[in-house]
Amino acid sequence: MYRQAISPPSTSRKALFRNFRASSSLAHAEVLPGPSGPPRSLRQRIKDKISTIDTERARDARISPFLVDAFNRQHNYLRISLTERCNLRCFYCMPSEGVELSPPEHILTDDEVIRLATLFVKSGVTKIRLTGGEPTIRKGIVHLVGRLHALRRYGLQSIGMTTNGIALYRKLPALVENGLTHLNVSLDTLDPFKFEIMTRRMGHDAVLRSIETALGSQELQSVKLNVVVIKGLNDHEVLDFVEMTKDSRLSVRFIEFMPFTGNKWDKAKMVPSSELLDRIRARYPAVRKASDELNDTARSYIIPGHAGSFGFISSMSDHFCGSCNRLRLTADGQIKVCLFDAKEISLRDQMRAGATDSALLSTIGRAVMGKKEKHAGMEDIDVVTNRPMILIGASRTPRLSHIDESGRPSMVDVAHKEPTSRYATASGRIIVPKIAYELVTGEHDEQGPEEDLSEDAEAVAMRRAKEKAKAKGDVLTVAQLAGIMGCKRTSELIPLCHPLQLSHISVTLHPEVAHHRHRTASDAPTKAGQDFACDTRSDIGIRQAQRPEYSIVCRATVSCEGKTGVEMEALTAVSVGLLTVWDMLKAVAGKEMVIGDITVTRKEGGVSGSFVRTHL
């Protein structure tokens, strides 16, 4: 039903293929020739292989030891992210609530990009690829490519770019003229309606126009199409993408759905490359394996009679870590040795602190030497501290979110975020003496209105304190109402909190008794919270040396549809509720009560993901 509802008419699909076939006469060197090309003799193929090996050895000889890791992998490929910004919102790349953008001053300047690129190229990097975010929206991108092109004199062989194609077609001729040699365009569906679902934006026609423009450029050495395949969403389009290679010298690469923070990765949504290959073979039985280039991430295949090729990037089901030659430079100047490793080292900070090229190269060497043999399995990849895919171009340097670059207080800008479901629960407790506990629970001895002449002064004072506390009303009910009112006014109490339209507030208070070993008054305030978190009523009667300890626990649950979380609202509700208990009981227990253990116990939604605190 889903496919029938949004698939375009077959005539539109045929027209699309005809447009690509019209470009079939354009040659791209990186696409393997089909069987229609002139056959090579065995002797010639052997010579070509020897020539390739000699070229690789010559290249290896000039690689700096700083670019060789502990497993003897030589890194001659640098991916430079130019920006964290993007003009699409692909769900597997960016969390639905958006991401916090870095201040412009955190992003590498053109001069800093060129300095680091020069250092890498002089150390043995021969291939640079520009990524993002979306690299085409960086101001001055054409000029920057021209400056990178000047590094050919130091050994740079190619400059590639990975783009979503939305803003590419107007800039592409100038980019190619300035030195761009390889182009990868990301397009996950041939259906314009599904494109809007997957990217949360319009622009399908613009991407197709960019691909046609690229195929019309004879200077580009290769044009590749990247397709992230997700089960139940676009996996049925695989054969349609393969059909695009029939008359067009296009290389289509199917990429397995990969886990990143906030993209709700699920193994069930991933389609293994082996399964896709079986589907393609069922349609094209003559498909055969093509020879892969050294360090290539894709396993390539060709179909006899097709001008182009297709391949698979199987990061999850069949990783290629053993031959990985890639390093990443994030937009804010962090070196990242593996896409799935959260560890990063800032080259930007060292440059801005006056580091020499030698010092920078030493830092690069330490990072490379720390690269693991392979990334974790698909179930174990760290999606909590690793960046969302979009933020390979953004800062992860720890900083206070409510302080601007000048050190002044500043409210976080959430204008770019989309509202999502937010949920938080917080709890805390106030430790009270027995007399206060009995007042709250109604277990205290009732005293007549007349004073007992036999009472001493202390007893009289206590009786009057009880009467004063009782006169304030039901402690738990008043505290509950106070907590709800405080929750709703959080943004007025906490200066930099955003005002939110809360959809639900629940505040509860209940007395608890726990039994502990006897403590002195001096250590009660510091150990009360810790002990109460560890002991429960089930301890009663087990340890003879224990005495009962009394507390009132407050819990608050808050939810909303908003652009920011409700943890502060939940914490405020608990804090105000417990403060109200203290105020109402201070006449009888003001010197003995201790408020503590206030914490968020559960949170859902937001960039940082969900969590449940299992113990305090």
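Here we summarise the structure given alongside this text. Because the structure is a prediction, the values reported are computed rather than measured.

**Let's talk about the overall build of the protein**
Here is step 1: Helices and strands together make up the secondary structure of the protein, namely 18 helices and 17 strands.
Here is step 2: The buried share among the 616 residues of the protein stands at 50%.
Here is step 3: Counting every atom, the protein has about 29500 Å² of accessible surface; 54% of that belongs to carbon and sulfur.

**Thoughts on the sheet that holds strand 11 (residues 334-336)**
Here is step 1: In spatial order, the strands read 7-8-9-6-5-4-3-2-1-10-11-12; together these twelve strands make up an open sheet with mixed pairing. Looking along the sheet, the strands with just one partner apiece sit at the ends: strand 7 (288-289) and strand 12 (345-346).
Here is step 2: Inspection of the sheet shows strand 1 (residues 77-81) paired to strand 2 (residues 127-131) by five bridges, in the parallel sense. Directly across from Y77, in strand 2, lies its bridge partner K127.
Here is step 3: Contacts between helix 10 (residues 273-283) and the sheet are confined to strand 5 (222-229), strand 6 (251-256), strand 8 (299-302) and strand 9 (309-313), with strand 9 contributing the most and set at about 155° to the helix.

**Concerning the packing of aromatic side chains**
Here is step 1: The final tally for this structure, using the stated rule, is six aromatic pairs.
Here is step 2: On the numbers, 4.8 Å between centres and 40° between planes, the contact of Y437 with Y550 is tilted. With Y437 in helix 13 (residues 434-441) and Y550 in strand 15 (residues 546-562), this pair connects stretches of sequence that are 113 residues apart. Taken as a pair, Y437 and Y550 share a single burial class, namely buried.
Here is step 3: Members of the aromatic cluster, connected to one another through ring pairs, are F241, F254, Y301, F310 and F312.
Here is step 4: It is K122 that lies over the ring of Y154; its NZ or CZ is 4.6 Å from the centre.
Here is step 5: One residue, K289, lies across the ring of Y301, its end atom 5.6 Å from the ring centre.

**Looking at the nonpolar core**
Here is step 1: Of all hydrophobic cores here, the largest spans 89 residues; its most connected members are I128, F254 and F310.
Here is step 2: At seven residues, helix 4 (residues 110-122) tops the list of elements feeding residues into this core.

**Topic: the pairing of strand 4 (residues 182-186)**
Here is step 1: Of all five residues in strand 4, four are buried; the element is thus mostly enclosed.
Here is step 2: When strand 3 (residues 158-163) meets strand 4, the two strands line up parallel, connected through four bridges. The residue bridging T163 from the neighbouring strand is V185, located in strand 4.
Here is step 3: Handedness of the crossover joining strand 3 and strand 4 through helix 6 (residues 172-177): right-handed.
Here is step 4: With five bridges connecting them, strand 4 and strand 5 associate as parallel partners. When the sheet's bridge partners are listed, V185 is paired in strand 5 with L225.

**Notes on helix 13**
Here is step 1: The buried fraction of helix 13 is high, at six of eight residues.
Here is step 2: Every buried residue of helix 13 is accounted for by I435, A436, Y437, E438, L439 and V440.
Here is step 3: Taken from the residues just after helix 13, G442 is the one with a positive phi, measuring 80°.

**Observations regarding the packing of helix 15 (residues 475-488) against helix 18 (residues 567-589)**
The relative placement of two packed helices is expressed as an angle between their axes plus a distance between the axes.
Here is step 1: With their axes 7 Å apart at the nearest point, helix 15 and helix 18 run at an angle of 145° to one another. The way helix 15 lies across helix 18 gives a crossing that is right-handed. Contacts between helix 15 and helix 18 involve V475, V478, A479, A482, G483, G486 and C487 from the first element and E569, T572, A573, V576, G577, T580, V581, M584 and L585 from the second.
Here is step 2: Partitioning the contact of helix 15 with helix 18 into residue classes produces ten nonpolar, five polar and one charged.

**Thoughts on the pattern of salt bridges**
Here is step 1: In this structure the tally under the stated criterion is 16 salt bridges.
Here is step 2: Residue D597 is joined to R429 by a salt bridge in which the shortest nitrogen-to-oxygen separation is 3.7 Å. Highlighted residues: D597 in strand 16 (residues 594-604) and R429 in strand 13 (residues 420-432), separated in sequence by 168 residues.
Here is step 3: Taking relative accessible area as the criterion, R429 reaches 12% and is therefore assigned buried.
Here is step 4: Across the salt bridge formed by E604 and R602, the nearest N and O atoms sit 2.7 Å from each other.
Here is step 5: E604 sits in the partly exposed class, given a relative accessible area of 31%.
Here is step 6: R602 gets classed as partly exposed once you look at its relative accessible area, which sits at 33%.
Here is step 7: Salt bridges here are not isolated pairs; linked through shared partners, they connect D235, E275 and R279.

Conventions adopted
Residues numbered from 1 in each chain as written. Predicted model: local features only at pLDDT ≥ 70, side-chain atom pairs only at ≥ 80, totals over all residues. Heavy atoms only, no water. Helix = DSSP H or I, 4+ residues; strand = E, 2+ residues; numbered from the N terminus. Buried < 20%, exposed > 50% of the residue type's maximum accessible area, 1.4 Å probe, protein only. Areas by Shrake-Rupley, 256 points an atom, 1.4 Å probe, with all protein chains shown as cover. Pairing = 2+ DSSP bridges. Contact = heavy atoms within 4.5 Å. Axes fitted to C-alpha atoms, helices over the stretch in contact; angles between N-to-C directions. Phe/Tyr/Trp six-rings, centres within 6.5 Å; stacked < 30°, edge-to-face > 60°. Lys NZ or Arg CZ within 6 Å of the ring centre and 35° of its normal. Core = buried A, V, L, I, M, F, W, Y, C linked by side-chain atoms within 4.5 Å. Right-handed = clockwise from strand over helix to strand, strands pointing away. Left-handed = near helix turned anticlockwise from the far one by under 90°. Nonpolar A, V, L, I, M, F, W, Y, C, P; charged D, E, K, R; others polar. Salt bridge = Lys/Arg side-chain N within 4 Å of Asp/Glu carboxyl O.

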